[in-house]
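Given next are the chains, with one letter for each unit.
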Amino acid sequence: MLSTLIRTIVVLATLAFLTVLAWPAIAGLQNSWVIAHAVSFRGLAVAVAIALLALLAILLLLVRPLRATTALLMVLLVTFGAVNSGILLHRGLGSDAAAALAAEPADAAVTVLSWNTLGDAPGAAAIADLALAEEADVLTLPETTEETGVLIAEAMRAAGRPMWVHTVSFDLISKARSTTLLISPDLGDYTVTSAAGSGPPGNTNVLPTVIAEPVDGAGPTIIAVHAVAPIRWEMANWRSDLDWLAEQCSGGSSGDDGVIMAGDFNATIDHFAGRATSDGAVLGDCRDAAAATGSGGVGTWPAWAPALLGAPIDHVLATPDWQVERMRVIGTEDTAGSDHRPVVATLSPATE
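Residues numbered from 1 in each chain as written. Predicted model: local features only at pLDDT ≥ 70, side-chain atom pairs only at ≥ 80, totals over all residues. Heavy atoms only, no water.

**A closer look at the overall build of the protein**
Note the following rule: A helix here means a DSSP run of H or I that spans at least four residues, while a strand means a run of E at least two residues long, and both kinds are numbered starting from the N terminus. Radius of gyration here is computed from C-alpha atoms only, and the compact-globule reference equals 2.2 Å multiplied by the residue count raised to the power 0.38. Relative accessibility under 20% of the residue-type maximum defines a buried residue, over 50% an exposed one, and the middle range a partly exposed one, all with a 1.4 Å probe and only protein chains included. The contact criterion used is simple: two residues touch if any of their non-hydrogen atoms lie within 4.5 Å.
A count of helical and extended segments in the protein gives ten helices and twelve strands. Computed over the C-alpha atoms, the radius of gyration of the protein is 22 Å, within 12% of the 20 Å expected from 2.2 N^0.38 for a compact globule of 352 residues. Counting only C-alpha atoms, the protein reaches 75 × 45 × 40 Å along its principal axes. A buried classification covers 51% of the 352 residues belonging to the protein. By sequence separation, contacts in the protein at least 24 residues apart represent 70% of the contacts at least 6 residues apart.

This is how it looks when you write it as structure tokens:
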């Protein structure tokens, strides 16, 4: 009798645990420590489930008294793996067919390249080369100093693609405490409106975000994002960062031409749950370019891990004023020095 009770408790506890891991928002735990980390790696969760199934299969064959319990646990793991696989497939694994929604971008299209450079690690030349190859109009570069931003702009200007440089630094000691935004003069003049000091209402808490608004009011507000990572002692700041970023993309906070925000959110779509304020949005009124083009399941961190086992924490988001033409996670820079993969998206003004 006691043995049966223990087995029942084990099965029910496993069911509850796997349910929360697969869909933490059902219990409001998507922003909780440990759970927030686990749900970031859905591809890895599938791989772990397969490995555990293999171990349970051996147990099933060797331990006859536990066969019923083992079989139930295997069913739960199969279901868990299937749910995670289904979510990844729904969000998209970055097929070439899904990466572009339009054969040719519109004339007024804006190409946004985002790359957390791990403190300038790839070097200005490599960053500029990538930006030129992608014909970027906007670069959002978390963990990139103003000095490197200027060098990138100089290299791009020499190649016939000048850029204005905007940097917010919380200090000059750690390069991680700088975020640099480059904007093509073709988009008009921009001025930084986010505060140089940390914390709401003027900025994210620990790592800087750059908000640039068009001087004449014509054009999108452009936001280079860097939210703090959800490490144990920064959980409150991380949740606050996501709340603040959602506010920057909500209601009347944007101008007539909306908002484009890109960078290192240190959060997946799962973590955004509960922060959308309109249909189709994931954060405030912003929609995710990767999800729109079938790349939402491709990991951007860490760069050394296979993309399908990583966490998709780097995003390009935009209000409904903008439609996604193309989006992809760039996998050719995995050995460039950063621990993040760059992402690039082309957006064009939405047509009625």
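Additional details are given in the paragraphs that follow.
**Some thoughts on the domain arrangement of the protein**
Under the convention used in this document: Note: domain ranges come from an automatic or database domain assignment. Here the quantity called buried area is the total loss of accessible area, with a 1.4 Å probe, experienced by two parts when brought into contact, counted for both. Polar contacts here mean pairs of N or O atoms no more than 3.5 Å apart (in protein, one a potential hydrogen donor and the other a potential acceptor; neighbouring residues in sequence count only if both atoms are side-chain atoms). Classification used: nonpolar for Ala, Val, Leu, Ile, Met, Phe, Trp, Tyr, Cys and Pro, charged for Asp, Glu, Lys and Arg, polar for all others including Gly.
Looking at the assigned domains, one finds that the protein contains domain 1 (1-91) and domain 2 (97-349). Relative to domain 2, the C-alpha centre of domain 1 lies at a distance of 35 Å. If you look at the interface, domain 1 gives 17 residues, while domain 2 gives 25 residues. Counting the surface lost from both domain 1 and domain 2, the interface buries some 1,500 Å², and carbon and sulfur atoms represent 57% of this. When the buried area of domain 1 at its contact with domain 2 is split by residue, Asn-31, Trp-33 and Arg-91 rank highest and sum to 45% of it. For the pair domain 1 and domain 2, the interface holds nine residue pairs in polar contact (both at pLDDT 80 or more). Only helix H2 (35-40), helix H3 (42-62) and helix H4 (67-91) provide two or more residues apiece to the side of domain 1 that touches domain 2. In the side of domain 1 that touches domain 2, the residues fall into nine nonpolar, six polar and two charged.

**Focus: the side chain of Thr-319**
Residue placement: Thr-319 occurs in the loop between strand E10 (314-318) and strand E11 (322-329). Relative accessible area serves as the criterion here: at 3%, Thr-319 is assigned to the buried category. Side chain to side chain, Thr-319 and Asp-321 meet in a polar contact 2.6 Å long. Not counting residues up to four positions away in its chain, the partners in contact with Thr-319 are Cys-249, Gly-258, Val-259, Asp-285 and Cys-286.

**Remarks on the state of the cysteines**
The condition that has to hold: The disulfide criterion used throughout: a pair of cysteine sulfur atoms within 2.5 Å.
Counting across every chain of the model gives one disulfide. The partner cysteine of Cys-249 in its disulfide is Cys-286, sulfur to sulfur 1.8 Å. Looking down the S-S bond of the Cys-249 and Cys-286 bridge, the torsion is 70°, so its handedness is right-handed. Placement of the pair is Cys-249 in the loop between helix H8 (235-248) and strand E8 (259-264) and Cys-286 in the loop between helix H9 (269-272) and strand E9 (287-288), with a sequence separation of 37 residues. When sorted by exposure, Cys-249 lands in the same class as Cys-286, which is buried.

**A short note on the side chain of Thr-145**
Checked against the element boundaries, Thr-145 lands in the loop between strand E2 (138-142) and helix H7 (146-158). What makes Thr-145 buried here is its relative accessible area of 15%.

**Some points on the pattern of salt bridges**
The cut-off we apply is this: By definition, a salt bridge exists where a carboxyl oxygen of Asp or Glu is found within 4 Å of a side-chain nitrogen of Lys or Arg.
Per the counting criterion, the structure on display carries eight salt bridges. A salt bridge links Asp-334 to Arg-341; the nearest nitrogen and oxygen atoms lie 3.0 Å apart. With relative accessibility at 27%, the residue Asp-334 sits in the partly exposed group. Residue class for Arg-341 comes out buried when judged on its relative accessible area of 4%.

**Some words on the UniProt feature "transmembrane region" (unreviewed entry) in the protein**
For clarity, the cut-off: UniProt positions are given in the numbering used here, feature names are shortened, and annotations may be inferred rather than shown by experiment.
Here, the residues flagged by UniProt with the feature "transmembrane region" (unreviewed entry) are residues 43-63 and 70-89. Secondary structure over residues 70-89 splits into 100% helix and 0% strand, and the C-alpha atoms at its two ends are 28 Å apart.

**Considerations on the environment of Asp-120**
Position of Asp-120 among the secondary structure elements: in the loop between strand E1 (110-114) and helix H6 (124-133). Looking at Asp-120, the relative accessible area reads 10%, which means it is buried. Residues Asp-120 and Glu-147 lie 27 residues apart in sequence; the distance between their C-alpha atoms is 9.5 Å. With residues up to four places along the chain from it excluded, the contact list for Asp-120 reads Glu-143, Thr-144, Thr-145, Thr-148 and Lys-175.

**Some points on the sheet that holds strand E3 (residues 164-169)**
As a reminder of what qualifies: DSSP bridges decide pairing: two strands pair if at least two such bridges lie between them. Angles run from 0 to 180 degrees between N-to-C directions of axes, and those axes are lines fitted to C-alpha atoms, restricted for helices to the stretch in contact.
The strand order across the open sheet built from six strands is E3-E4-E2-E1-E12-E11, with neighbouring strands paired in mixed fashion. On the outer flanks of this sheet lie E3 and E11, each paired with one strand and no other. Strand after strand, the sheet turns through a mean of 15° between neighbouring axes, direction not considered. Note that E2 and strand E4 (residues 178-183) share five bridges and pair antiparallel. Bridging across to E4, Leu-139 finds its partner in Leu-182. Of the strands in this sheet, E2, E3 and E4 are in contact with H7, which crosses E4 at around 20°.

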